[in-house]
There are 2 protein chains.
Amino acid sequence: MTSDKRRLQPRKQPRQVRAELTRQRILTAAAHVFAEHGYAAGTTNRIAERARISIGSLYQYYPNKDAILVELVARHLDAGVAALARREENGLPDSLEEIVRLYVRTAIENHLDDPQLLRVMIEHAPRSLALLEKVARFEQERVAYMRELFDRHPEVRVGDSETAARLVVSTVELVVHQLTAAPDPIDIPRFENELVAMLTRYLSAAG
Amino acid sequence: MTSDKRRLQPRKQPRQVRAELTRQRILTAAAHVFAEHGYAAGTTNRIAERARISIGSLYQYYPNKDAILVELVARHLDAGVAALARREENGLPDSLEEIVRLYVRTAIENHLDDPQLLRVMIEHAPRSLALLEKVARFEQERVAYMRELFDRHPEVRVGDSETAARLVVSTVELVVHQLTAAPDPIDIPRFENELVAMLTRYLSAAG
DNA sequence: CACAATTATGAGCAATTATTCAGTTCGCGC
DNA sequence: GCGCGAACTGAATAATTGCTCATAATTGTG
């Protein structure tokens, strides 16, 4: 139950394709099980069962339950970074509103995959030292990136770009998550518009 | 582990002062234990120990662990409603910004008590049917109230007041919670200013 | 004081869970 | 097709947890 497990690295370096495959099966199964039952009720035996491997095999690849979720989170964060980078390949739009929209839309798409799993990740983060560090570092980078962007862009008028960046990053992350994970379906495009409008007006208004 | 326990009501109607006292001890202890260990690791035995009563007594007042958290949530929601009502006793301010500030500040104060406990409440809500219903009803009321307020106020210019109300309620709740529960201390007044600015500009800008 | 109702006790049960390990099977180079 | 390490197996273990119940203590009442 403690968070500071010593070894979160895989126990075994895979040498055969078989091993790599098993590792992937575990992750996929874990994603399903955690999403459906939550972290506490998502038992390692259930994960192994769903992956159709023995519980012993699971513990050859992950030293404990926490490590599995940590890897899932790491992969999710990486996917998010990659998605944003891909969208920026052709350069950012000029207008602030379009930049904000790009950012918001990427966030939405990233959350649309599996909102339930994401909920588990977010919920469990504060109880896992490994996750806490990983997520904190990620958010810091995000804020720094946003801040730089705000500093450069001529439409942006805010007193303190650091505070503004934090507020924007938090708001997008939280609101998007809540909306996509909400039990009752929601008109996504409309909320995207409103969220973009709110952020754009905030950033571009005179201080 | 299932959420739909049949009886969430206290098992016993207290007839002596002693009983009422014990009940309060349990709640106070539970608040501390849940805040410190989270829901899963916040065991009923630990709660009883902290309340300095026997585990048997605990189960005379609450049929199961879930019921304890449900009552804590109910009390928190009631306190929130009461706090807002108290602030509105002398009438609302005229300017939109001041109304928004009043709302944001009340939310902050409500979260400042015990952010960790609040985190547990929020996290566990989706796994408990009783909590889910309670919180959903509360949020609906909040949204309806906000919407009506927006419809009346001359400074508010939004296309769809329902969507705007939802966005505002969600944003305040989520951002305030994240900020107050954040591990590193944060400049609360500054964030209050920025959040108020963001919401006000959003609501008052021309659609 | 006596008696009944209310409240408190806590050892222990049943169920669940993460994790281990002794043994088996598989795959690949020779 | 042989041998050896890599990969897999799953029954067993130790620990934990929510909760019960038979019993005891306390309180109010006539």
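Rules behind the numbers
Residues numbered from 1 in each chain as written. Chains lettered and ligands numbered in written order. Predicted model: local features only at pLDDT ≥ 70, side-chain atom pairs only at ≥ 80, totals over all residues. Heavy atoms only, no water. Contact = heavy atoms within 4.5 Å. Buried area = accessible area lost by both parts, 1.4 Å probe. Salt bridge = Lys/Arg side-chain N within 4 Å of Asp/Glu carboxyl O. Helix = DSSP H or I, 4+ residues; strand = E, 2+ residues; numbered from the N terminus. Nonpolar A, V, L, I, M, F, W, Y, C, P; charged D, E, K, R; others polar. Least-squares fit on C-alpha atoms with pLDDT ≥ 70 in both. Near = heavy atom within 4 Å. Polar contact = N/O pair within 3.5 Å; in protein donor to acceptor, adjacent residues only side chain to side chain.

Caption draft 1: Quick look at the interface of chain A and chain B. Facing the 34 residues of chain A at the interface are 33 residues of chain B. Between chain A and chain B, a total of about 3,100 Å² is buried, with carbon and sulfur atoms accounting for 63% of that surface. If you sort the residues of chain A by the area they bury against chain B, R127, M198 and R201 of chain A come out on top, with a joint share of 21%. Counting across the chain A and chain B interface gives two salt bridges. Salt-bridge contacts for D160 of chain A lead to R190 of chain B; the nearest nitrogen and oxygen are separated by 3.1 Å. The set of elements that each furnish at least two residues to the side of chain A that touches chain B consists of α1 (17-41), α6 (115-124), α8 (161-181) and α9 (188-204) of chain A. If one sorts the elements of the side of chain A that touches chain B by residue count, α9 of chain A sits on top with nine residues. Class assignment for the residues of the side of chain A that touches chain B results in 17 nonpolar, seven polar and ten charged.

Caption draft 2: Structural view of the relation of the copies chain A and chain B. If you rotate chain A by 180° and push it 0.0 Å along the axis, it lands on chain B with an RMSD of 0.0 Å. When the rotation and shift are considered jointly, the pair of chain copies conforms to a two-fold rotation axis. Looking at chain A, 97% of its interface residues are interface residues in chain B too, so the copies touch through the same face.

Caption draft 3: Seen up close, the protein's contact with DNA strand D. The environment of DNA strand D is formed by 25 residues, the closest being T22, S54, G56, S57 and Y61 of chain A. In DNA strand D, atoms within 4 Å of the protein come from the sugar-phosphate backbone in 69% of cases. Within the backbone of Q16 of chain A, a nitrogen or oxygen atom sits 3.2 Å from a phosphate oxygen of DNA strand D. Interatomic distance of 2.8 Å between a side-chain N/O atom of Y59 of chain B and a phosphate oxygen of DNA strand D. Counting only elements with at least two residues in the surface near DNA strand D, the list comes to α1 and α3 (55-61) of chain A together with α2 (44-51) and α3 (55-61) of chain B. Grouping the amino acids of the surface near DNA strand D by side-chain chemistry returns seven nonpolar, eleven polar and seven charged.

So far we have only geometry, and geometry alone does not tell us how the molecule works.
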